[in-house]
Amino acid sequence: MRLTQIFAAAAIALVSTFAVADDAADKAIRQSLENLQLDVPVDTITASPLPGLYEVKLKGSRVLYASADGQYIVQGYMFQLKDGKPVNLTEKTERLGISKLINGIPVAETVVYPAVGETKSHITVFTDTTCPYCHKLHAEVPELNKRGIEVRYVAFPRQGLGSPGDEQLQAVWCSKDKKAAMDKMVDGKEIKAAKCENPVSKQFALGQSIGVNGTPAIVLADGQVIPGYQPAPQVAKLALGAK
C-alpha cells in the first residue's frame, strides 16, 4: 500500500512494520494449515479480538485460530465476557459466513413454499425426499407458511450422489413445477422428468461445506443451523427471532 508524502517518516516506518508482520503471519499460518492437509481452502486470515491470535476463516465459514508463527492451531469457541455474560464470537462469525452463503443461493434454484400474507422471515431446508423426518417437517410447512415463514428447499441427498435420493431430487429439480413434484415425491408418488442441468450436486457440496451431515437441516436467515426435525411452532419462534 502506497502512502502519500504528507505522512511523517516515523508513521511510514510504523505502518510498514505492521504490514510485514501481517504478511509474515499470513504466510506462516497458511503453510502450517497446508502441512496439516485439511483439504479445506482458507478464505481469510485476520487478527482476532485476542492479541497475538489470528482468526482463520475456512471455505464454508468454519473458523480456526492460530498463533502468528503458525506453530499453534486451535479449533474451538472463543468467548468474550460482556457485562458478565458470555458472547460466543466464533459462532457469531460462523453464522455470518453461513448466512451470506445460504442467502446467496438464487431463489430460482430452490423449491419455494411462500408465506401466507406477510413474509416475516424465511428458512432454508436441506432436504432428501427419502428421509422420513423430512416428510414429517414437510407436513408442517403449511403451518410455517401461515406463521409468515417462507420455506426454501435445497437438495441434500443424504446417501450421497448417485443414490436413489439423489435421483429423486434431480427429478424434482428438473420438473416444470418443482413444488408440485416435491409434494408428490414426498407423498410416495413417482414422478417423471427429463434429465436436465440442475443444482443438486452443487447444493449437496454447499451443505457439506457448512457442516450439514443429515436431513433435514434447517438454516435460519441469520445463518444458525438447526440439525434435524423441529416442530413448526419451535422453528417459527427461532426463525422470527433470527430475522
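Residues numbered from 1 in each chain as written. Predicted model: local features only at pLDDT ≥ 70, side-chain atom pairs only at ≥ 80, totals over all residues. Heavy atoms only, no water.

## Examining unusual backbone geometry
Piece 1. In this structure, the amide linkage connecting Thr215 to the following residue, Pro216, adopts the cis form with an omega of -5°.
Piece 2. With respect to the secondary-structure elements, Pro216 resides in the loop between α7 (200-209) and β10 (217-220).
Piece 3. Of note in the backbone geometry, Ser61 takes a positive phi value of approximately 80° without being a glycine.
Piece 4. Mapped onto the secondary structure, Ser61 falls in the loop between β2 (53-58) and β3 (63-67).
Piece 5. The phi dihedral of Asp83 is positive, around 55°, even though this residue is not glycine.
Piece 6. Assignment of secondary structure puts Asp83 in the loop between β5 (79-82) and β6 (85-88). (Helix = DSSP H or I, 4+ residues; strand = E, 2+ residues; numbered from the N terminus.)

## Details of the domain arrangement of the chain
Buried accessible area, meaning the area lost when the parts come together, often serves as the stated size of an interface.
Piece 1. Segmenting the chain into domains produces domain 1 (1-92) and domain 2 (104-241).
Piece 2. If you average the C-alpha positions of domain 1 and of domain 2, the two centres end up 36 Å apart. (Domains from an automatic or database assignment.)

## Brief notes about the nonpolar core
One broad rule of soluble globular proteins: the nonpolar side chains tend to lie buried together.
Piece 1. One finds Ile123, Tyr153 and Trp173 to be the most contacted residues of the largest nonpolar core, which totals 29 residues.
Piece 2. With 12 residues, the next largest nonpolar core counts Phe126, Val154, Ile210 and Val212 among its residues. (Core = buried A, V, L, I, M, F, W, Y, C linked by side-chain atoms within 4.5 Å. Buried < 20%, exposed > 50% of the residue type's maximum accessible area, 1.4 Å probe, protein only.)

## Side note on the sheet that holds strand β8 (residues 121-127)
Piece 1. Read from one edge to the other, the open sheet built from 5 strands follows the order β7-β9-β8-β10-β11, with strand pairing classed as mixed. Looking along the sheet, the strands with just one partner apiece sit at the ends: β7 (111-113) and β11 (225-227). On average, each strand axis in the sheet is inclined to that of its neighbour by 20°, with strand direction left out of account. (Pairing = 2+ DSSP bridges. Axes fitted to C-alpha atoms, helices over the stretch in contact; angles between N-to-C directions.)

## Examining the state of the cysteines
Piece 1. This model, assessed by the stated rule, comprises 1 disulfide.
Piece 2. Across a sulfur-sulfur distance of 2.0 Å, Cys174 and Cys196 are joined as a disulfide pair. In this structure the cystine formed by Cys174 and Cys196 twists about its S-S bond by roughly -95°; its chirality is therefore left-handed. Here Cys196 lies in the loop between α6 (178-186) and α7 and Cys174 lies in the loop between α5 (164-173) and α6, a separation of 22 residues in the sequence.
Piece 3. Note on Cys196: relative accessible area 34%, which makes it partly exposed. (Disulfide = S-S within 2.5 Å.)

## Focus on the sheet that holds β2
Two orientations exist for strands paired in a sheet by backbone hydrogen bonds: parallel and antiparallel.
Piece 1. With respect to topology, 4 strands assemble into an open sheet ordered β1-β2-β3-β4, the strand pairing being antiparallel. Each edge of the open sheet is held by one strand with a lone partner, namely β1 (42-47) and β4 (73-74).
Piece 2. Bridge count between β3 and β4: 2 bridges; the pairing is antiparallel. For Ala66, the partnering residue across the bridge sits in β4 and is Ile73.

## Examining the pattern of salt bridges
Piece 1. In the structure shown here, the tally under the stated rule is 8 salt bridges.
Piece 2. Asp128 is the salt-bridge partner of Arg158, the closest N and O atoms lying 3.6 Å from each other. Here Asp128 lies in the loop between β8 and α3 (132-139) and Arg158 lies in the loop between β9 (149-155) and α5, a separation of 30 residues in the sequence.
Piece 3. The class of Asp128 is buried, set by a relative accessible area of 0%.
Piece 4. One connected set of salt bridges, linked through shared partners, spans Glu91, Arg95 and Asp222. (Salt bridge = Lys/Arg side-chain N within 4 Å of Asp/Glu carboxyl O.)

## So, the pairing of β5
Piece 1. The pairing of β5 with β6 spans 4 bridges and is classified as antiparallel. Within the sheet, the bridge partner assigned to Lys82 lies in β6 and is Lys85.
Piece 2. Once β5 ends, the chain turns through 2 residues before running back antiparallel as β6, passing Asp83 with a positive phi of about 55°.

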